[in-house]
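# Close look at the chain arrangement
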Amino acid sequence: MEFLRPATWDEALAAKAEYPTALPISGGTDVMVEMNFDVHRPSAILDLNRITELSEWQIADDVVQLGASVPYTRIINELSGPLPGLALAAHTVGSPQIRNRGGVGGNLGGASPAGDAHPALLAAGRDVFVEVASQARGTRLIAIDDFYVGVKRNSMEKDELIRRVHIPVADGPQQFSKIGTRNAMVIAVCAFGFALHPKNGTVGTGIGSAAPTPRRAVEAEEYLAGVLAERGLWQSGDLLGTEVIQRFGELVKAAASPIDDVRGTAEYRRHSLAVMARRTLTWTWNDYSKQIRSAA
Amino acid sequence: MSTRTIQGQKNLQDINQASKDGIGGSPLRPDGTLKVKGEFAYSSDLWHEDMLWGMALRSPHPRANILSVDISEAVKLPGVYAVLTHDDIPGSKFYGLEIQDQPALAIDKVRYHGEAIAIVAADHPETARRAVKKIKVEYEVLTPIVTEEQCLDPETYGYVHEPHEFKSHGHGNICHSQKLVHGGGVTDEIRALADVVVSGHYEVGMQDQAFLGPESGLAVPAEDGGMDLYVATQWLHVDRQQVAPVLGIPEEKLRLTLAGVGGAFGGREDLSMQIHACLLAQRTGKPVKIVYARDESFFGHVHRHPAKMYYEHGATRDGKLVYADARIVLDGGAYASASPAVVGNAASLGHGPYNIPNVRMEAIALYSNNPSCGAMRGFGAVQACFGYETQMDKLAAELGMDPVELRQLNAMSEGDPMPTGQVIDSPAPVAQLLQIVKDRPLPPPLDLDNLDVRTLPGALSNTSHGEGIVRGVGYSVGIKNVGFSEGFDDYSTARVRLEVIGGEPVAMVHTAMAEVGQGGITVHAQIARTELGVEQVTIHPANTEVGSAGSTSASRQTYMTGGAVKYAAEAVKAALIEKGRRRYGWTQTDIILLGGKVISEAGGPLVSIVDLLGDEAIDLTREHHHRPTVPFDKETGQGFGHVQYTFCANRAVVDVDIELGLVKVVELTAAQDVGKALNPLSVIGQIQGGCTQALGLAVMEEIIVKDGKVRNASFTDYLIPTILDVPPIPVDMLELPDPHAPYGLRGVGEAPTVSATPSIVAAIRQATGIALNRIPVRPEHLTGTL
Ligand SMILES: Cc1cc2nc3c(=O)[nH]c(=O)nc-3n(C[C@H](O)[C@H](O)[C@H](O)COP(=O)(O)OP(=O)(O)OC[C@H]3O[C@@H](n4cnc5c(N)ncnc54)[C@H](O)[C@@H]3O)c2cc1C
């Protein structure tokens, strides 16, 4: 097995071009486990840990450019202001050791439907982009809605690597909830990310572990955005009412297509998605109303 | 976390407390710091120059005929030294703890998912792995026999072991059974005496021991044609007894030494890699190491028997139990393992610590094509306790009585008979233990204004900010036996040596006891300090150079091997004093050893141990046999079958998110009679650990088996409690001495694992109003989404 250790992004792209089957490794919290369980026997491993820019983030034009290898611990500590949904999701990942190593690039690379970053990224809006690059074709931005294409499959080419993720700075409250059958260190039975985007009058949703890919609850988003606009709620911050909350929950539930597996039944996943949708909507709306009222 | 000790009557022996690290003290474990720092050498760290790596090929099918095994490609791989099947076994092809029904390597058929078929030795683990993949097995896949209905109808569904090859005491697909009748049994006339009757069907899922150190060991061939085996196990001598015949060598040529054990909980009572490593070492003439990967570990050891149970209780209107009836069906899986003992415990302890004038019970263990089940902490008693304690709550509800009062009204105490007719002849403070947990102040209610999500169901998963949360409180009490039962003489041996080293008296304790994390070696040193009046004690590595110490299971090691150390140390003390009498002509009868000196209690110091001993060493070995027991009568279950009983009571406080079905155990209180706490810190550790394992069974731990196939052989999906799942566990220790036991002590390791599960389920039931007849309780049960 080859072990490639590029020092720069360009060297990494060159290495990936030369060895398209090389398996990138960042935190290794998926890669090493899968190798131990004999899922992969890669011919080469491409270690990204020497490329410092992958562990950096910056904010430009109200967009966070999050390096692929920034570990969850730093997202929690440094970015819970601009990326509250992702920071909450990061909190639910594994254990302190895993959060110290794993990051969003690895979550996207694996593209597991159970990855916790995905619902938060989807909820953060349609302007979330994964920046990938190859030596041959250079850089491209993949919209988050086009990124997940199948169970553990993403829309990257074999010679591409993830450089960073572009996520708009939150302009409203965001939440993330995840169901696990124990109170820490658990792979999601299902998860839900939710965000209010008052600037453009939309809301964002993300469903995890309840379909072949992470997905958005499109009808739920449209329904709620419609209600908020029609009733002037963005301006008033008035109560949503149980009927709206209930309906939103039902639409989120309807957007899922879960299966029965060892972690839970499809029926439970649907049920709990509706509960999480109602609760996260309630929390974010309460926060939003408070902001409106204190501004008024 | 508060802990209290409640003194009973004066202890049998007025224990000499001269050394603060003697018995009754809490010296720290010598392995503790090393383990915390990651420096402890586990069996998986063993290494030998020139060693090979062993690996097994395992069946992907739960039931199949093996039509052919082709090893030719595997053997050709460079770096492969041997590929063996059952044809290559020089001695007996079968082994087993009680019944030798398990082939060391599958012969013509496989009976469970993961059964070993062939083994490989290679110069690198990766080479071994590749070689295993090159072995070609042709199977005729058969429909597995997995349900109770299928097992009980072998004519239709087939035999796990064909009648001509059947080795256990049962018949058909029944491995073992035990009936019990007490008083008038359960007849229509007896039933008519009850004013109220409650009944129910209960189910317990398959729990795993989930020890963290995978099965591993190193076999080193010796010049004399024998073998040295270094291994993590629970009982060196019984391993030797099972391995030597397969190798075709006499027992004395197989020498075992205990390697670092990373947890056991019953899962190391059966053999795992022992035979395989030895066979490969014997064939290649080279040392062979085997370490299981995590998934292989789930196939490589037995689990807790899943159970289906029917219980029926009748009582008078004022709450007095009139009769109890039960049928417990345990799924033993493909091979017998400890099934007979598990059945014996379920039958004899399965009606709990209650006085019930009329009792009937039948417990059976099935053979099936599910994974083999055997020993796990509290076996037989754990499953039953969930049944009878659920019944007690049902009965209390039916009678409109307080559940604790109902239990106390029927609680047994010293002098009462068990349903087996065995009279309990030492303290049995069942009602008192319940009172202690009931009297503990309750934890404060949730403070909705200052919420810390970590304290809520779901914790950092952020599923609730107080919505849907309901608190519940539940109680339970349980009974467990200590030591091996039903006529088994599980004696222990200890060798104690006293000599002067560097001008100081030093004791050495040598036993074959498996230290699996229970703290036995710490206690042995404490006993030697107290008995011999010395500070310095060394513990000899556990091996088969000394006689058997029996198994580190059944809550027995402090009682049995601790007892043997006590008796060996007493013999050394007597020999030393005798030496002094001969030399100095002492006539006093009140001579003791204390603080390195020989002392007359009335007259003061006589001589120092160093001066008396000089260059001589006193080195003596003693065996400790517990009082004899007898097998239970097959039909009536009567007999003096158990050595000692142990009791624990619990109160659980839980918060349930009733909309999401998520549970947070808020507090789990335990009260247990420990007879005498030789090391209070270790005792509390055992009780808290036992409660934690019980919590796992209550709300998360289950090996999921579908059509005989294991679906979650990993710690990703076999969930065990994390620190955010384990609540404060306040412990009350009673110390009521048992006159039959060394120091009056009572085995402690298992009772809380038996009793704590039902208290948690009762608390969830109180919070949700849902019946909950199956454990582990899943969110689906609580939300109607199964
Ligand atoms: C004990 C444990 C608990 C866990 N709990 C959770 C959990 O709760 N929630 C959760 O979502 N996940 C969990 N995981 C999985 C894992 O930690 C996450 O998926 C994490 O985000 C992976 O990040 P990493 O940097 O370690 O990825 P790696 O293991 O290094 O890589 C993961 C995948 O991404 C690819 N990859 C990595 N970096 C790049 C890149 N820059 N460009 C292209 N491809 C790349 C790799 O080739 C690989 O396919 C857990 C893992 C463990 C071991």
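Residues numbered from 1 in each chain as written. Chains lettered and ligands numbered in written order. Predicted model: local features only at pLDDT ≥ 70, side-chain atom pairs only at ≥ 80, totals over all residues. Heavy atoms only, no water.

## Section: the sheet that holds strand 10 (residues 161–168) of chain A
Residues and elements named next belong to chain A. Here we have five strands laid out as an open sheet, ordered 4-5-10-6-7, and antiparallel in their pairing. The open sheet has two edge strands with one neighbour each: strand 4 (57–60) and strand 7 (138–143). Averaged over all adjacent pairs, the angle separating strand axes in this sheet is 25 degrees, with direction ignored. Where strand 5 (residues 63–67) lies against strand 10, five bridges are found, and the strand directions are antiparallel. (Pairing = 2+ DSSP bridges. Helix = DSSP H or I, 4+ residues; strand = E, 2+ residues; numbered from the N terminus. Axes fitted to C-alpha atoms, helices over the stretch in contact; angles between N-to-C directions.)

## Topic: the site of the ligand
Residues and elements named next belong to chain A. Taken together, 33 residues are adjacent to the ligand, and Pro 24, Thr 29, Asp 30, Tyr 72 and Asp 116 come closest. Take Gly 27: an N or O atom from its main chain is 2.8 Å from an oxygen atom of the ligand. Between an oxygen atom of the ligand and a main-chain N or O atom of Gly 94, the distance comes to 2.9 Å. Contributions of two or more residues to the shell around the ligand are made by strand 2 (23–25), helix 2 (31–36), helix 6 (104–110) and strand 10. The greatest single-element share of the shell around the ligand, amounting to four residues, is contributed by helix 6. A class-by-class count of the residues in the shell around the ligand yields 17 nonpolar, 13 polar and three charged. (Near = heavy atom within 4 Å. Polar contact = N/O pair within 3.5 Å; in protein donor to acceptor, adjacent residues only side chain to side chain. Nonpolar A, V, L, I, M, F, W, Y, C, P; charged D, E, K, R; others polar.)

## Some details on the nonpolar core
Residues and elements named next belong to chain B. Tyr 311, Ile 328, Ile 760 and Ile 764 are the most contacted members of the largest nonpolar core, which totals 102 residues. With ten residues, helix 11 (residues 381–399) is the single largest residue contributor to this core. Counting residues in hydrophobic clusters, the runner-up holds 46 residues, among them Tyr 95, Leu 105, Val 516 and Ile 521. (Core = buried A, V, L, I, M, F, W, Y, C linked by side-chain atoms within 4.5 Å. Buried < 20%, exposed > 50% of the residue type's maximum accessible area, 1.4 Å probe, protein only.)

## What about the domain arrangement of chain B?
By a widespread convention, an interface's size corresponds to the accessible area lost as its parts come together. As assigned here, chain B comprises domain 1 (45–142 + 214–261 + 268–300), domain 2 (148–201 + 307–381), domain 3 (421–478 + 643–783) and domain 4 (492–624). The distance between the C-alpha centroids of domain 2 of chain B and domain 4 of chain B comes to 45 Å. (Domains from an automatic or database assignment.)

## As for the state of the cysteines
Residue and element names in this part refer to chain B. Counted under the stated rule, the structure contains zero disulfides over all chains. With no disulfide of its own, Cys 691 lies closest to Cys 648 among cysteine sulfurs, the gap being 5.6 Å. Relative accessible area serves as the criterion here: at 0%, Cys 691 is assigned to the buried category. (Disulfide = S-S within 2.5 Å.)

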